[in-house]
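# Structural overview
Each chain, written out:
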Amino acid sequence: MGRSVAAMITAERLTKRYGDKTAVDAIDFTVRPGAVTGFLGPNGAGKSTTMRMVMGLDHPSGGGVTVNGRAYRDLPAPLHEVGALLEAKAIHGGRSAYNHLLWLAKTNGIPRRRVDEVIGLVGLEAVAHKRSGGFSLGMGQRLGIAAALLGDPGVLLFDEPVNGLDPEGIRWIRNLIRSLAAEGRTVFVSSHLMSEMALTADHLLVIGRGQIIADTDMADFIARNSAAYVRVRSPQSGVLAEALRDRGWRIGRDDDGALKVEGATPEQIGDVAGSRNLYLHELSVVNASLEEAFMRLTADSVEYHARTDQPVPAGV
Amino acid sequence: MTTSSILTPPASIPAPARRGDAGGARLTFGRILDAEWTKIRTVRSTVWTLASLFVVSVGLTALICLAAAGDLGEAGNDEPVGAFVTWGLMFGQIAALVLGILVATSEYASGMIRTTLAAAPRRWSVLAAKATVVTGLLLVLGTLTAFASFLAGNYFLDREGIGLSLGDGDVLRAMFGGGLYVAVLGVFGLALGSLMRHTAGAVTVGITLIFVVGNLVNLVPGAFGEWLTKLMPGNAGSAIANVESFNPDLLEPWTGFAVFAGETALLLAIAGWLFSKRDA
Ligand SMILES: Nc1ncnc2c1ncn2[C@@H]1O[C@H](COP(=O)(O)OP(=O)(O)OP(=O)(O)O)[C@@H](O)[C@H]1O
Ligand SMILES: [Mg+2]
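Just so you know, these numbers come straight off a predicted model, no measurement behind them.

## Some remarks on the overall build of chain A
For chain A, the helix and strand inventory stands at eleven helices and 13 strands. At 25 Å, chain A has a C-alpha radius of gyration far larger than the 20 Å of a compact globule built from 316 residues. If one aligns the C-alpha atoms of chain A with their principal axes, the spans along those axes are about 80 × 50 × 45 Å. Per-residue burial over chain A gives 52% buried out of 316 residues. Computed over 35 positive and 36 negative side-chain charges, the inter-centroid distance for chain A is 5 Å.

## A short note on the interface of chain A and chain B
In this complex, chain A contributes 55 residues to the contact, which on the side of chain B involves 46 residues. Interface area, chain A with chain B, both sides summed: about 4,400 Å², of which 59% is carbon and sulfur. A per-residue breakdown of the area chain A buries against chain B is headed by Leu 57, Trp 103 and Lys 106 of chain A, which together make up 14% of the total. At the boundary of chain A with chain B, the tally comes to two salt bridges. The interface formed by chain A and chain B includes 16 residue pairs in polar contact (both at pLDDT 80 or more). Put simply, the parts of the chain that give the side of chain A that touches chain B at least two residues each are β1 (9-18), α2 (78-81), α3 (97-107), α4 (112-121), α5 (137-149) and α6 (167-182) of chain A. In the side of chain A that touches chain B, the residues fall into 22 nonpolar, 14 polar and 19 charged.

## Re the pairing of strand β6 (residues 155-159) of chain A
Residues and elements named next belong to chain A. Burial analysis of β6 places five of its five residues in the buried class, the great majority of the element. Where burial is concerned, the two faces of β6 agree: the one with Val 155, Leu 157 and Asp 159 and the one with Leu 156 and Phe 158 are both buried. Relative to β6, strand β5 (residues 82-85) is paired through four bridges, and the arrangement is parallel. Of the residues in β6, the one forming a bridge with Val 82 is Val 155. Pairing geometry for β6 and strand β7 (residues 186-191), over five bridges, is parallel. Counterpart to Phe 158 in the pairing with β7 is Val 189. Taken together, β6, α6 and β7 form a β-α-β motif whose crossover is right-handed.

## A word on the nonpolar core
One recurring pattern in soluble globular proteins: nonpolar side chains tend to sit buried together. Counting residues in each nonpolar core, the largest one holds 78 residues, and the members touching the most others are Ile 9, Leu 157 and Phe 188 of chain A together with Leu 138 and Tyr 181 of chain B. Not counting the four nearest positions on each side in its chain, Leu 138 of chain B is found in contact with Leu 50, Leu 53, Ala 96, Leu 99, Thr 143, Gly 179, Val 182, Ala 183 and Gly 186 of chain B. With 57 residues, the next largest nonpolar core counts Ala 97, Val 118, Ile 119 and Leu 176 of chain A among its residues.

## A few points about the site of ligand 1
Residue and element names in this part refer to chain A. The environment of ligand 1 is made up of 16 residues, and the closest members are Lys 21, Gly 44, Lys 47, Ser 48 and Thr 49. At 3.0 Å from an oxygen atom of ligand 1 is found a side-chain nitrogen or oxygen belonging to Asn 43. In this structure, an oxygen atom belonging to ligand 1 sits 2.8 Å away from a side-chain N or O atom of Ser 48. Protein coverage of the free-state accessible area of ligand 1, which is 640 Å², stands at 68%. The dominant element in the shell around ligand 1, judged by the number of residues it contributes, is helix α1 (residues 47-54), at four residues. Counted by class, the shell around ligand 1 contains five nonpolar, five polar and six charged residues.

## As for the environment of Glu 183 of chain A
Residues and elements named next belong to chain A. Checked against the element boundaries, Glu 183 lands in the loop between α6 and β7. As for Glu 183 and Gly 34, which are separated by 149 residues in sequence, their C-alpha atoms are 6.8 Å apart. Side chain to side chain, Glu 183 and Arg 185 meet in a polar contact 2.8 Å long.

## Considerations on a negative patch on the surface
Together, Asp 71, Glu 74, Asp 78, Glu 79 and Glu 160 of chain B make up a region of like negative charge exposed at the surface. Structurally, Glu 74 of chain B can be placed in the loop between α3 (44-73) and α4 (89-110).

## What about the sheet that holds β1 of chain A?
All names here are of chain A. Sheet architecture is open: three strands sit in the order β2-β1-β4, paired in antiparallel fashion. In this open sheet, the two strands that pair with only one neighbour each are β2 (21-31) and β4 (62-67). Across the sheet, the axes of successive neighbouring strands diverge by a mean angle of 20°, strand direction being ignored. Sheet topology note: the β1/β4 ladder contains five bridges and is antiparallel. Each bridged residue has a counterpart across the sheet, and for Glu 12 the counterpart in β4 is Gly 64. Each of β1, β2 and β4 is contacted by α1, which is oriented at about 120° to β1, the strand it contacts most.

## Overview of the pattern of salt bridges
A side chain with one charge may pair with a side chain of the opposite charge, provided their charged atoms come close. If you walk through the whole model with that rule in mind, you get 21 salt bridges over all chains. A salt bridge links Arg 231 of chain A to Asp 256 of chain A, with the nearest nitrogen and oxygen atoms 2.8 Å apart. With Arg 231 of chain A in strand β10 (residues 229-233) and Asp 256 of chain A in the loop between β11 (250-253) and β12 (259-262), this residue pair connects regions lying 25 residues apart in the sequence. Judged by relative accessible area, which is 14%, Arg 231 of chain A ranks as buried. Taking the shortest distance from any N to any O, the salt bridge between Lys 130 of chain B and Glu 107 of chain B comes out at 2.5 Å. Here Glu 107 of chain B lies in helix α4 and Lys 130 of chain B lies in helix α6 (residues 123-159), a separation of 23 residues in the sequence. A single burial state applies to Lys 130 of chain B and to Glu 107 of chain B, both of which are buried. The structure contains a network of salt bridges with shared partners spanning Arg 231, Arg 233, Asp 254, Asp 256 and Glu 282 of chain A.

Criteria and cut-off values
- Here, residues in each chain are numbered from 1, in the same order as that chain's written sequence.
- The naming scheme follows written order: chains are lettered A onward, ligands numbered 1 onward.
- Note on the predicted model: pLDDT of at least 70 is required for a residue's local features to be given, and 80 or more for side-chain atom pairs to be given and counted; whole-chain, interface and lining totals, by contrast, use all residues.
- As a rule here, side-chain values come from all non-hydrogen atoms in the structure, and water together with hydrogens is ignored.
- The way it works is that DSSP assigns letters per residue, a run of H or I at least four long becomes a helix, a run of E at least two long becomes a strand, and they are numbered from the N terminus.
- The reference for a compact globule is 2.2 Å times residues^0.38; the radius of gyration itself is calculated from the C-alpha atoms.
- Only protein chains enter the calculation, and the probe is 1.4 Å; a residue is then buried if its accessible area is under 20% of its type maximum, exposed if over 50%, and partly exposed in between.
- Here the positive residues are Lys and Arg and the negative ones are Asp and Glu; neither His nor the chain ends is included.
- A charged residue contributes its charge at one atom only: NZ of Lys, CZ of Arg, CG of Asp or CD of Glu.
- Contacts between residues were defined by any pair of non-hydrogen atoms, one from each residue, lying within 4.5 Å.
- When two components associate, each loses some accessible surface as probed by a 1.4 Å sphere; the sum of these losses over both components is called the buried area.
- A side-chain nitrogen of Lys or Arg and a carboxyl oxygen of Asp or Glu constitute a salt bridge if their distance falls within 4 Å.
- Two N or O atoms count as a polar contact when they lie within 3.5 Å, although within protein this holds only if one can serve as hydrogen donor and the other as acceptor, and sequence-adjacent residues are included solely when both atoms are side-chain atoms.
- Polar here means any residue outside two lists: the nonpolar Ala, Val, Leu, Ile, Met, Phe, Trp, Tyr, Cys and Pro, and the charged Asp, Glu, Lys and Arg; Gly therefore counts as polar.
- Here, any two strands with at least 2 DSSP bridges between them count as paired.
- Handedness is read with the strands pointing away from the viewer; a crossover is right-handed when the path from the first strand over the helix to the second is clockwise.
- Put simply, a nonpolar core is a bunch of buried Ala, Val, Leu, Ile, Met, Phe, Trp, Tyr and Cys residues held in one set by side-chain atoms that sit within 4.5 Å of each other.
- Distances are taken per atom, and a residue is near a molecule or strand as soon as one of its heavy atoms is within 4 Å of it.
- Only the protein chains shown count as cover for residues, and all accessible areas are computed by the Shrake-Rupley method using a 1.4 Å probe.
- Surface patches are drawn from residues lacking salt bridges whose relative accessible area is over 30%; two like charges belong together within 9 Å, two nonpolar side chains (Val, Leu, Ile, Met, Phe, Trp, Tyr) within 5 Å.
- To get an axis, fit a line to the C-alpha atoms, keeping to the stretch in contact for a helix; angles then go from 0 to 180 degrees between the N-to-C directions.

As structure tokens, this is what we get:
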């Protein structure tokens, strides 16, 4: 068994309702081995709820989800198959990191030396016997990751693993996640930051208001959404646009009347203008950000809109 | 910790030698029990609650016996002497209740319950393991506490010539009864904590139920009030831990204990049912 083809997470019509609110709305998805699958969505989209249902912690209101072909509660040795770092800091502050990992290891018959091993792996040797209540956010996160790796599982879930970490911590986790997938494991990582996902994930699952709104290859998503264009301002923009269009490039207009040229390099545009003696006042490359693409994608499904467009009533 | 070890990403994740043979590493009740035992012995609150149980029970017993021995020894005294030798347990028992509650609620306060249930998704087994650990620990400590209370209190009674003998059937029954009572009380707390998932709330309800309501129902008139008093968990259960009782209307020790154990089992069953039904 182990990291075979079966090491997957599969959700079918997975649903979670809280009262009359549907947090997760009949979603279908598959998370495959050997890749990092990013689970991207704005706040309140249903990422954590979905992950808790994968782990058998929350009961679905409908549909279901399996890990390696079984419901979580039916796994014969859960820690050997699934490791998770969930959002909440799930550690008793009065217990040392070592003892936390020790009781956890005992549940699944994991030997003591593996506890020492994972402590070394996340670099907590020096504080392993101190109360975990005094740990910094980054140290707590490392302890959570040590716990997730304890049973050397083929499937790993990380819920917003880089939240609140400093750049070094972020880089460390990013590398770790990538290396886990490179070893053939199934890695499922949630985030609400597109930029983070672009650096970590191979596959992208976008969720908004409890529904899957994109299930795509990361490379595809980038190719489709990060198309750059060249911004051109010219006093003779009408003539220039005509000339550029003749070359087969797509021409659009920015809000201020500047031309947006797709498919051409600044050099090519400059040459066209020069050959016709047209003046240029601006010639610049503009990269559409992935973050914007993500925001466009989820614009209709954002849970809590900041109401910046509302006029402030006078006299308040 | 050293900076370099923090910043260096692991090149690869070393696998334990026996990876793959899932046969040797299954989830079993014995393992969950071992894990729960490890949990309870690795937090300070366990030491504090057990120490309070012992010190409060033994200390208060010694004090009351020291203070009352003279009067008890006088001719014409009609107070039940046997009720004094384990008197402190009346207060020490709160620690047993709190210990049981904490075993459940501390996991909710920290969110650790999710780690527990990810490692051991068989929820009935988790609750049963917690109940076993609480029972075992309190059975031993409760019995030791009862013996120590007796020895301390009886020392002062002996000086007045009214001491009891350990060989006395009721005395011996109360010694082991002390262990039984606090063990079941601890499980009662565990069930309450598991139901309420909140330390302060569960402690308040538990203490109110055992102490306040247990005494207030005395005021309910008639046979109904009498039975209510007899059946309240603390009243029914504690008789087994006392050589004699101040209150002659309580159930017989073993009958009372059976009632208390039954009530606790019912509460634990409800807690377990909700535990397996609710989101963690
Ligand atoms: N226990 C609960 N009771 C009621 N509503 C809940 C509960 N848990 C989550 N919700 C609601 O379900 C929706 C999804 O929440 P969830 O925490 O899964 O979102 P998320 O994608 O993880 O968001 P974030 O990025 O903020 O972590 C939210 O509207 C949330 O308010
Ligand atoms: Mg979340």
